[in-house]
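# Commentary on secondary and tertiary structure
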Amino acid sequence: MTALETKPPALQALEAAAPHPTRRPNARHRHPAARRHLVAGGLLVALVVLAIVSAGLGQLPVPVPEIAGSLAIHLNEVLAGVGIDWLRVPVLATPQHPNADATLWAIRFPRIVMAIVVGAALAVGGVVMQGIFRNPLAEPGVVGVSAGAALGASAVIVLGFTFLGTLTAPVFAFVGGLAATFLVYFTARSGRRTEVVTLMLTGIAVNAVAGAGIAFMTFAATTQQREQIVFWQLGSLNGSRWQDVWIVIPITLAGIAGSMLLARNLDLLALGERQAQHLGVPVEATRIAAIVLIAVLTAGAVALCGIVAFVGLVVPHLMRMAVGPGHRALIPLSALGGGLLLLAADLVARTAVPYADLPLGMLTALVGGPFFFWLIRRTRRRSGGWA
Amino acid sequence: MGARSEGTAQAPRLEVLDASLNFDAVPVLSGIRLTVSPGELVALVGPNGAGKSTLLHVLAGDLTPDTGHVEVDGRVMRSWRPAELAQVRAVLTQANEVSFSFSVAEVVAMGLAPWIGLSEHEEEARISAALGDAELSHLAARRLPELSGGERARVAYSRVRAQGCEIVLLDEPTASLDIRHQERLLGQLRSHADAGGCAVIVLHDLNLAAAYAHRIVVLDGGRIRADGPPATALDAALLSDVYRHPIGVERHPASGALLVHPVRRAAPAPPPSPPVPHQESAARA
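Residues numbered from 1 in each chain as written. Chains lettered and ligands numbered in written order. Predicted model: local features only at pLDDT ≥ 70, side-chain atom pairs only at ≥ 80, totals over all residues. Heavy atoms only, no water.

### Some words on the overall build of chain A
Across its full length, chain A holds 15 helices and two strands. Considering chain A as a whole, with its 387 residues, one finds that 50% of them fall into the buried category. Here chain A displays about 17700 Å² of accessible surface, and carbon together with sulfur accounts for 70% of that area. (Helix = DSSP H or I, 4+ residues; strand = E, 2+ residues; numbered from the N terminus. Buried < 20%, exposed > 50% of the residue type's maximum accessible area, 1.4 Å probe, protein only. Areas by Shrake-Rupley, 256 points an atom, 1.4 Å probe, with all protein chains shown as cover.)

Right, here's the structure in full:
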C-alpha cells in the first residue's frame, strides 16, 4: 500500500537536518500494560484490606486476627460440608465476644459484599453510559436513570406488589430505569451527538418527572411505606441481608460481563457513530444493548440500596486518568474502583457518628457534587464551550 | 494491494445509478450517475453546498438516496452488513472528534477493527506502517487532546490507512494539513489507485485535484456538471460559471501542469502610508 517515495537528495537532506520536534516523552504512556496491572493490583489489595478493616469496625469492634479466625472456621465448615476433609485452614484466633461471630456474618459481611457489588455496578453503569453518550459527564444518577429506577421501586412499595417475590422491586426498578434511559438517550441526542447542555437539561426534566412520581407515592403511602421510600431517596446499605446480596451479585456480574462484550464497540464509538459504523460496528444494536445494560446495572443497585449518585461519574473518570480510556481495561478497573469507593463511603457512613447510620447517598453526593462541578468547568474550558 | 485479475479489471467497484436525494423537499442530489473503477482516483469538486459531502456519504452508505441506488462491487448497498463493508471500503469524514483521550496509536489501531484474527506481529506492522504514512511515529504515545488540529487530522487519515481497504472515500482530507502533508497524502492515494485500489476524494483545492486525480467530477447544485480527466473537466468557462467567480486555467510554462487560479482584478494601488507625526517619531528616536 505504501508508496516508496523516491525523494530528491535535497529534500532528504532537508529532512535529516530538520528532525521532527519531539516533545517531552511522557513516562506514563510507556508501559500501559504494566501500568494497568499495577493499578489493578493496587485496587485489589486496597479492597481486601479495607474490607477486613471495615469488618472490624463498628459498635462492636472485632480485632483482625479474630476476623480471620471466624472466616477460617466458616471456611472449614464449608470444606467439611462438601467432603474435603484433608484441607483445613488454620484458625488464628476465635472471636472472643459472644456476639462477634454473629455480628460479622449476619450484619457486616453482607453489608461489605453489598457495598463492593453495588459500587462495581454503579461504576460500570457510568462507564457504559459515558461510552454510549460519548460524554464524560453522563451518569445514571445525574441524568435521572436512578430516579426512574427509584420511582419503579417506590411504586412497588406503595402498591404492595409482591407477585415476583423478592425480585418485584428490582424488576420494577429495572423497568423505571430502562424507561428513563431511553427517554434521556432519544431526547438528548441531536445530529448523532449529545451536547452537554442538552443532556443536563434532559436530566433535569427526567429527574423532575421521576421526583414528582416519587412525591406522589410518598403522599399516597402509609407512614411505614413512607419511611421505606425516604430510605430509597437517601440511599443506604443499612440492613443489607445475604438474600439481597444474592439478588444483586448475579445481576451485576451479568451486567459487567455484557459490558465487557461491548468494550470494543464502545472504544470505536469514541470516534463517532458514523466512523464506528464505517469500521463495522452495528451502531443501532450496540446502542440498545448499552441502554439495557445501563438499566440492569443501575436498577439492581438502586432497587436494594436506593439512589447512590456520582459513583458512576467519579470512578470512571479517575480510572481514565490512571489507565486511559480503553474500555477493556476501564470496565474491570472501574468495577474494582467503584467497589472500593463505596466500601470506604459506607464505612464512613456507619462509623462517623456513633450509634447513627448516615445516608450513603448523602455522602457520595457530598463528594461527587463538587467533583461534578469541577468536571463541568474542565470540559467547558477544554472544548471551548458547551460542546 | 494485490494485482488485479484480468477478468474483473474493469468491473466497477462503486456505482451510483440515477441517485437523487432531498432534505426536507430541498433537492441536494439530482440524477447522479457515477462509476468508480479499479485504479482510479476520482476528485469531487464544486462550490460550498454543491452536494460533494452528501454524495460521499451516499457512496459510503451513510445516506440512502430517495431514488436510484448505489452498488459496491456489483451488490446493492443495502445487502452489505457493516462488518463486511468495513473490510472493503474505508471512509474519512470531515470532522473526526474523538470523545475520550485515546493515544494516537490506540486510535490508529482502531482502524484494524474490521480485521479480526490478525496476529500481533501483523497488527503491529500495519499500525506502524499507517503511522509512518502520516508521519506520526514520533507522536504514537501521545494523547489526542495534546495534538494540534492538523496532527489530529493526520491521525484520522492514519486510521483509514490502517484499515487497509481497497476502496477509500475521503471528505476534504487535506483541509487542515500543511503543504508537505497535503502532497504526501495525495501522493499516497495516487499510488494506492495506481496499484489497483480506488479512491474518491472531496477536494477544494483544484490544483491538487488537477495534479493527482485521474478523473475530476464537478458538482453544482446537486448535479454533475463535468466528469472527466483533469484537462477536460477543469474548463475555465465551466468553472467560472459553477463557482460564480472568474477562473483561469493555464499550463505551467515549465512543467506543463494544469494551474487553476481565480482571476483577480489588477491589484489596487497600495494606500499611501499614513503621515507620521514628525514630533512623535523624533521623540521616539
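### Details of the UniProt feature "domain: ABC transporter" (unreviewed entry) in chain B
Within the UniProt annotation, "domain: ABC transporter" (unreviewed entry) is assigned to residues 14-246 of chain B. Helix makes up 36% of residues 14-246 of chain B and strand 26%, with an end-to-end C-alpha separation of 33 Å. (UniProt positions renumbered as here; feature names shortened; annotations may be inferred.)

### Observations regarding the interface of chain B and chain A
Each partner contributes residues to the interface: chain B has 42 residues there, and chain A has 35 residues. Together, the buried faces of chain B and chain A total about 3400 Å²; carbon and sulfur atoms form 55% of this surface. In this structure, the salt-bridge partner of Arg274 of chain A is Asp62 of chain B, at a minimum N-O distance of 3.7 Å. At the boundary of chain B with chain A, the tally comes to eleven residue pairs in polar contact (both at pLDDT 80 or more). (Contact = heavy atoms within 4.5 Å. Buried area = accessible area lost by both parts, 1.4 Å probe. Salt bridge = Lys/Arg side-chain N within 4 Å of Asp/Glu carboxyl O. Polar contact = N/O pair within 3.5 Å; in protein donor to acceptor, adjacent residues only side chain to side chain.)

### Considering the confidence of the model for chain B
Residues and elements named next belong to chain B. Mean pLDDT over chain B stands at 90; residues scoring 70 or higher make up 90%. Counting contacts from residues 1-8, a segment whose pLDDT is below 50, to residues more than four positions away or on other chains yields 13 contacts. Within the model, pLDDT remains below 50 along residues 280-285, and this stretch shows one contact once partners closer than five positions in the same chain are excluded. Model confidence for the complex: the whole-complex pTM is 0.85, and ipTM, which rates the interface, is 0.87. (pLDDT = per-residue confidence, 0-100.)

### Let's talk about the confidence of the model for chain A
Residue and element names in this part refer to chain A. Per-residue confidence for chain A gives a mean pLDDT of 84; residues scoring 70 or more make up 88%. At the low end of the mean pLDDT range in chain A sits helix H1 (residues 9-17), at 46; at the high end sits helix H14 (residues 327-351), at 95. Confidence over residues 1-7 falls short of pLDDT 50; this stretch has twelve contacts with residues more than four positions distant or in other chains. Below pLDDT 50 for its whole length, residues 10-29 participates in 18 contacts with residues either more than four positions away or in separate chains.

### A closer look at helix H12 (residues 283-305) of chain A
All names here are of chain A. For H12, built from 23 residues, the straight-helix expectation of 33 Å at 1.5 Å per residue is met to within 8% by its first-to-last C-alpha distance of 33 Å. Taking burial as the measure, the 23 residues of H12 include 17 buried ones, the bulk of the element. One or two positions beyond H12, positive phi appears at Gly306, with a value near 80°. (Expected span 1.5 Å × (residues − 1).)

### A word on the UniProt feature "transmembrane region" (unreviewed entry) in chain A
If you check UniProt for "transmembrane region" (unreviewed entry), the listed places come out as residues 38-59, 112-133, 145-164, 171-188, 200-223, 244-263, 288-318 and 358-376 of chain A in our numbering. Taken as a whole, residues 244-263 of chain A contains 100% helix and 0% strand, while its terminal C-alpha atoms sit 28 Å from one another.

### Description of the packing of aromatic side chains
Following the criterion strictly, the structure yields nine aromatic pairs over all chains and no others. Aromatic side chains Phe216 of chain A and Phe219 of chain A sit 6.4 Å apart centroid to centroid with 40° between the ring planes, which places their arrangement in the tilted category. Here the residue Phe216 of chain A and the residue Phe219 of chain A both occupy positions in helix H8 (residues 196-220), the gap between them amounting to three residues, near one helical turn. Put simply, the rings of Phe161, Phe163 and Phe172 of chain A pair up and form one aromatic cluster. Sitting over the face of the ring of Trp80 of chain B, Arg75 of chain B holds its NZ or CZ atom 4.2 Å from the ring centroid. (Phe/Tyr/Trp six-rings, centres within 6.5 Å; stacked < 30°, edge-to-face > 60°. Lys NZ or Arg CZ within 6 Å of the ring centre and 35° of its normal.)

### With respect to the packing of helix H4 (residues 100-133) of chain A against H14 of chain A
Residues and elements named next belong to chain A. Interaxial distance between H4 and H14 falls to 7 Å at its minimum, and their mutual angle equals 135°. The angle between the axes of H4 and H14 places the two elements in the oblique class. Seen along the crossing, H4 lies across H14 with a hand that is right-handed. For the contact of H4 with H14, a count of residues per class yields 14 nonpolar, six polar and four charged. (Axes fitted to C-alpha atoms, helices over the stretch in contact; angles between N-to-C directions. Parallel < 35°, antiparallel > 145°, perpendicular 65-115°, else oblique. Left-handed = near helix turned anticlockwise from the far one by under 90°. Nonpolar A, V, L, I, M, F, W, Y, C, P; charged D, E, K, R; others polar.)

### Examining the packing of helix H6 (residues 145-159) of chain A against helix H9 (residues 223-234) of chain A
Residues and elements named next belong to chain A. Direction vectors running N to C along H6 and H9 enclose 165°, while the axes themselves pass 10 Å from each other. Considered as vectors, H6 and H9 are oriented roughly antiparallel to each other. Judged by the sense of rotation from one axis to the other, the crossing of H6 with H9 is right-handed. Two secondary-structure elements touch here, H6 through Ala150, Ala153, Ser154, Ile157 and Val158 and H9 through Gln225, Gln228, Ile229 and Trp232. The class makeup of the residues in the contact of H6 with H9 is six nonpolar, three polar and no charged.

### Describing the state of the cysteines
All names here are of chain B. Enumeration according to the criterion identifies zero disulfides over all chains in this entry. Left without a disulfide partner, Cys165 is nearest to the cysteine sulfur of Cys198, which lies 11 Å away. For Cys165, a relative accessible area of 2% gives the class buried. (Disulfide = S-S within 2.5 Å.)

### Section: the sheet that holds strand S1 (residues 14-23) of chain B
All names here are of chain B. The sheet built from four strands is open, its strands ordered S2-S1-S4-S5 with antiparallel pairing. Since the sheet does not close on itself, it has two edges, and those belong to strand S2 (26-36) and strand S5 (75-76), each with one partner. The pairing of strand S4 (residues 67-72) with S5 spans two bridges and is classified as antiparallel. Its bridge partner being in S5, Val72 is matched across the sheet by Arg75. Packing of helix H1 (residues 52-60) onto the sheet brings it into contact with S1, S2 and S4, and relative to S2 it is tilted by some 55°. (Pairing = 2+ DSSP bridges.)

### Things to note about helix H4 (residues 120-133) of chain B
Residue and element names in this part refer to chain B. An ideal rise of 1.5 Å per residue puts 20 Å on 14 residues; H4 measures up with 20 Å between its terminal C-alpha atoms. Listing the buried residues of H4 in full gives Ile127, Ala130, Leu131 and Asp133. All buried residues of H4 fall inside an arc of 155° around its axis, so they share one side. Away from the buried face of H4 by more than 90 degrees, exposed residues His121 and Glu124 are located. Residues of H4 that are buried sit in contact with helix H3 (104-110), helix H5 (149-163) and helix H6 (179-194). (Arc of directions from axis to C-beta.)

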